[in-house]
Each structure stands twice: as C-alpha cells, then as structure tokens.
Amino acid sequence: MFFRNLTLFRFPKSSSKSLNELEDLLAEHRLRPCGPIELATRGFVSPYGRDSDELTHRSGNYSMVAIGGEDKLLPSSVIGEALAQKIAEITDKEARRIGARERKRLKEEVMTDLLPRAFVRPSRLLAYLDADAGWLLVDTASRKAAEEAVSQIRDALGRFPATPMAPSDSPRTLMTDWLVSGKLPPGLSLGDECELRDPAEAGAVVRCRRQDLESDEVREHLKSGKQVFQVGLELDERIAFVLGEDLTIRKFRFLDIVMDELGDDSAESAREELDARFVIMTLETKRLLEKLDEWFGLPRPDERD
C-alpha cells in the first residue's frame, strides 16, 4: 500500500473542518459503473478494496481516500475500421462523396454503436490528507491525474482550495548547488541518478542512472552550464526518492531501517496490515515534508475562516 510517487498540494486551515465529515461527503460521490454510451466515470471507492463500503481510512489527523475510475477501451483503429465500412456502404449505395461535416456525424454514430460493447478498464488512485499540517498527497507523478484527484475531492467537499507547490526558493537552483558544491543539508545524501538539462530552449538533456553523482563526468556537465531537473536522494538512511524541480517525488520507497520497524509478523487481517503501513508511511513522510518546507519554503496557504 506504500505510495510510490508523491504529487504535493497544500490547503488552508479553514478547509480542515470539512474533513471531519469526509466519509459522509464522499458517500454522495461514489464511483458508479459506466453507462452504455459513456466513455468514463470517476468517483470514490473503498481504500480497503471492493469488499468494503467504507470510503476513508483514518489514523489520527490523516485520512486516506481512493479515487476509482472506469474507462471504456475503444481503440482508434476499431473506430476507423467501422467508420470506413459505414462510409463505403453509403458511397456504394448513393454514389456520392462524404463531406467533412457528415463524416464527423458518422463517426459519432459509430462510437455510439460501439461503446455499449467496449471493454471497461478499472483504475484506482490513492491519496491522503493531513488535516493538521494541510497537506494533500496523491500517489502519482502525473500532474494531470493529480489535478483530477483534487477536483474529485473538491466536488465532494463543495469547496477545497488546495494549491500546487509554490516554493519560495527555486528547487532547480538549490539542487544544482547541492551537486556543484557537494554540500547537502544535514541528513540528506545523494542517490545514484539525476537528470541534467541545458536551461536553453531545446537544450541538451543528460540522464544518469546507477551513476556516482560526485564523479568528474557529472561535474563536467555541471561546469558546462547544465542544471539539475531531477536528482536521487536519501534522507536519514530511511527514505529514498527522486526529487524533481517541480517538487514531484518519484520512486518513493522506504529503506531497510524502516521496513525492519514494520516487522515480519503478518497482520491478522488486511485492515490491520493497511493500518500499520499507513501509520509508518504518514510518520516517515511527515519527516520528509518538514524537510522540504525547510529547504525550499512551502508555506501553507492562508485563508480566513
């Protein structure tokens, strides 16, 4: 259940009040099946899985939710073949050309005919909210998917002014300085991957994996003016991650020290296992978020109640 990626948002203190009623508010926005002519639907599902009706998992001030989705699979090749066949039938029967406007209408008819028979692909996206510190973390590196998750929560709460990160200090500048100087904040160490770019438009891009980031090879790229857009890091030998210049966190994972604290004993139920992992994840991630705030300046939005 551990998140693999983190896209970060912050919300003001006034929004925390509505989280007390989160379970009831989400109930009105459950995922429903795709209708016969719908391409997709979104809604909330249980973080415990399909056998549960509960829509939130709580631990202290933390609430985890799951946004479910159903998407119809209708490949363009299938649509194109059906449309070509329909156009050919009309051409043969009426001996005339099909104009652009009619072609568009025929394509819509083809999709309407095909949609009820299309396969449905289910999906699930996890997120959790920290009511105390005002964080929303979505388990994705896709900004689009994260924004859609925020929209789903906003629809359920009625109002939810969560905003993406707006750091006071440029992450790209600070991360570049870390690699150039070799001086990182206390507890932080370099991993073995990075992405360097020439900041000029259409400039060169260098991606390193399984690479000593303090090597002469990397330093030469930095001397030539390239900047750090992503860098692998470890915090206190407990968490490893790749930090992007937009503060999106990829390849988020806990190291052996944390996993040993979780223990090898199997939980009596899936619910207990989820709770144990969620507690560890939120506590360790809180440590990381506090450090990100310290390094880059990530103030919580201020809004009057």
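**Quick notes on the overall build of the protein chain**
Helices and strands together make up the secondary structure of the protein chain, namely 8 helices and 12 strands. For a compact globule of 305 residues, the expected C-alpha radius of gyration is about 19 Å, and the protein chain comes in at 24 Å, more than 25% above that figure. Restricting to contacts in the protein chain with at least 6 residues of sequence separation, those with at least 24 account for 68%. By element, 46% of the accessible surface of the protein chain is carried by carbon and sulfur atoms, the whole surface being about 17,100 Å². The centroid of the 46 positive side-chain charges in the protein chain is displaced by 7 Å from the centroid of its 57 negative side-chain charges.

**Remarks on the confidence of the model for the protein chain**
Put simply, the protein chain has an average pLDDT of 92, and 97% of its residues get 70 or more. Mean pLDDT across the elements of the protein chain ranges from a minimum in helix H7 (residues 256-262), with 89, to a maximum in strand E6 (residues 135-138), with 98.

**Notes on the side chain of Thr 56**
Note on placement: Thr 56 falls in the loop between strand E2 (40-45) and strand E3 (57-59). Apart from the residues within four sequence positions on either side, Thr 56 is in contact with Leu 22, Glu 23, Leu 26, Pro 47, Tyr 48, Met 64 and Val 65.

**What to know about the packing of aromatic side chains**
Going through the model one piece at a time under the given rule, you end up with 9 aromatic pairs. Where Phe 3 meets Tyr 128, the ring centres are 5.7 Å apart and the plane angle is 50 degrees; that geometry is what we call tilted. Linking Phe 3 in the segment before strand E1 (7-10) with Tyr 128 in strand E5 (residues 119-130), this pair joins segments that are 125 residues apart in sequence. Of the residues examined, Phe 3 reaches a relative accessible area of 1% and is grouped as buried. The interplanar angle of 80 degrees and the centroid separation of 5.7 Å between the aromatic rings of Trp 178 and Trp 295 together place this pair among those described as edge-to-face. Remark: Trp 295 occurs in helix H8 (residues 270-296) and Trp 178 occurs in helix H5 (residues 171-181); sequence separation between them is 117 residues. Residue Trp 295 is classed as buried on the basis of its relative accessible area, which comes to 8%. Through pairs of rings, three or more aromatic residues link up here, namely Phe 3, Tyr 62, Tyr 128 and Phe 278.

**Looking at H8**
Compared with an ideal rise of 1.5 Å per residue, which puts 27 residues at 39 Å, H8 spans 38 Å between its outermost C-alpha atoms and is within 8% of the ideal. Of all the residues in H8, the buried ones are Leu 274, Phe 278, Ile 280, Met 281, Thr 282, Glu 284, Thr 285, Leu 288, Leu 289, Leu 292, Trp 295 and Phe 296. Following H8 by one or two positions, Gly 297 adopts a phi angle in the positive range, close to 75 degrees.

**Re the sheet that holds strand E8 (residues 188-197)**
Taking strand neighbours across the sheet as the criterion, the 5 strands line up as E9-E8-E10-E11-E12 in an open arrangement whose pairing is antiparallel. Of all strands in the sheet, those with a lone pairing partner are strand E9 (205-209) and strand E12 (249-254), marking the two edges. For this sheet, the mean inter-axis angle between neighbouring strands, taken without regard to orientation, is 20 degrees. Pairing of strand E10 (residues 227-235) with strand E11 (residues 239-244) involves 6 bridges; the strand directions are antiparallel. Within E11, the residue paired with Leu 233 across the bridge is Phe 241. Along the sheet, H8 contacts E8, E10, E11 and E12; its crossing angle with E12, the most-contacted strand, is approximately 135 degrees.

**A word on unusual backbone geometry**
Despite not being glycine, Asp 236 has its phi angle at roughly 55 degrees, a positive value. Counting through the fold element by element, Asp 236 comes out in the loop between E10 and E11. Residue Asp 236 is classed as partly exposed on the basis of its relative accessible area of 30%. One non-glycine residue with positive phi stands out, namely Leu 247, at about 65 degrees. Mapped onto the elements of the fold, Leu 247 is located in the loop between E11 and E12.

**A look at the side chain of Thr 140**
Tracing the backbone through its elements, the reader meets Thr 140 in the loop between E6 and helix H4 (143-157). For Thr 140, a relative accessible area of 11% gives the class buried. Separated by 3.0 Å, the side chain of Thr 140 and the backbone nitrogen of Ser 142 make a polar contact. Ignoring sequence-local partners within four residues, the contact set of Thr 140 consists of Asn 5, Leu 6, Thr 7, Leu 125, Ala 145 and Ala 146.

**Considerations on the packing of helix H2 (residues 76-94) against helix H3 (residues 100-114)**
Between H2 and H3, the shortest axis-to-axis distance is 9 Å and the interhelical angle comes to 120 degrees. Between H2 and H3, the angle is such that the two are oblique. Handedness of the H2/H3 crossing: right-handed. Where H2 approaches H3, its residues Val 78, Ile 79, Ala 82, Leu 83, Lys 86, Ile 87 and Ile 90 are matched on the opposing element by Arg 103, Leu 106, Lys 107, Glu 109, Val 110, Met 111 and Leu 114. A class-by-class count of the residues in the contact of H2 with H3 yields 10 nonpolar, no polar and 4 charged.

Calculation criteria
Residues numbered from 1 in each chain as written. Predicted model: local features only at pLDDT ≥ 70, side-chain atom pairs only at ≥ 80, totals over all residues. Heavy atoms only, no water. Helix = DSSP H or I, 4+ residues; strand = E, 2+ residues; numbered from the N terminus. Rg over C-alpha atoms; globule rule 2.2 N^0.38 Å. Contact = heavy atoms within 4.5 Å. Areas by Shrake-Rupley, 256 points an atom, 1.4 Å probe, with all protein chains shown as cover. Lys, Arg positive; Asp, Glu negative; His and termini not counted. Charge placed at Lys NZ, Arg CZ, Asp CG, Glu CD. pLDDT = per-residue confidence, 0-100. Phe/Tyr/Trp six-rings, centres within 6.5 Å; stacked < 30°, edge-to-face > 60°. Buried < 20%, exposed > 50% of the residue type's maximum accessible area, 1.4 Å probe, protein only. Expected span 1.5 Å × (residues − 1). Pairing = 2+ DSSP bridges. Axes fitted to C-alpha atoms, helices over the stretch in contact; angles between N-to-C directions. Polar contact = N/O pair within 3.5 Å; in protein donor to acceptor, adjacent residues only side chain to side chain. Parallel < 35°, antiparallel > 145°, perpendicular 65-115°, else oblique. Left-handed = near helix turned anticlockwise from the far one by under 90°. Nonpolar A, V, L, I, M, F, W, Y, C, P; charged D, E, K, R; others polar.

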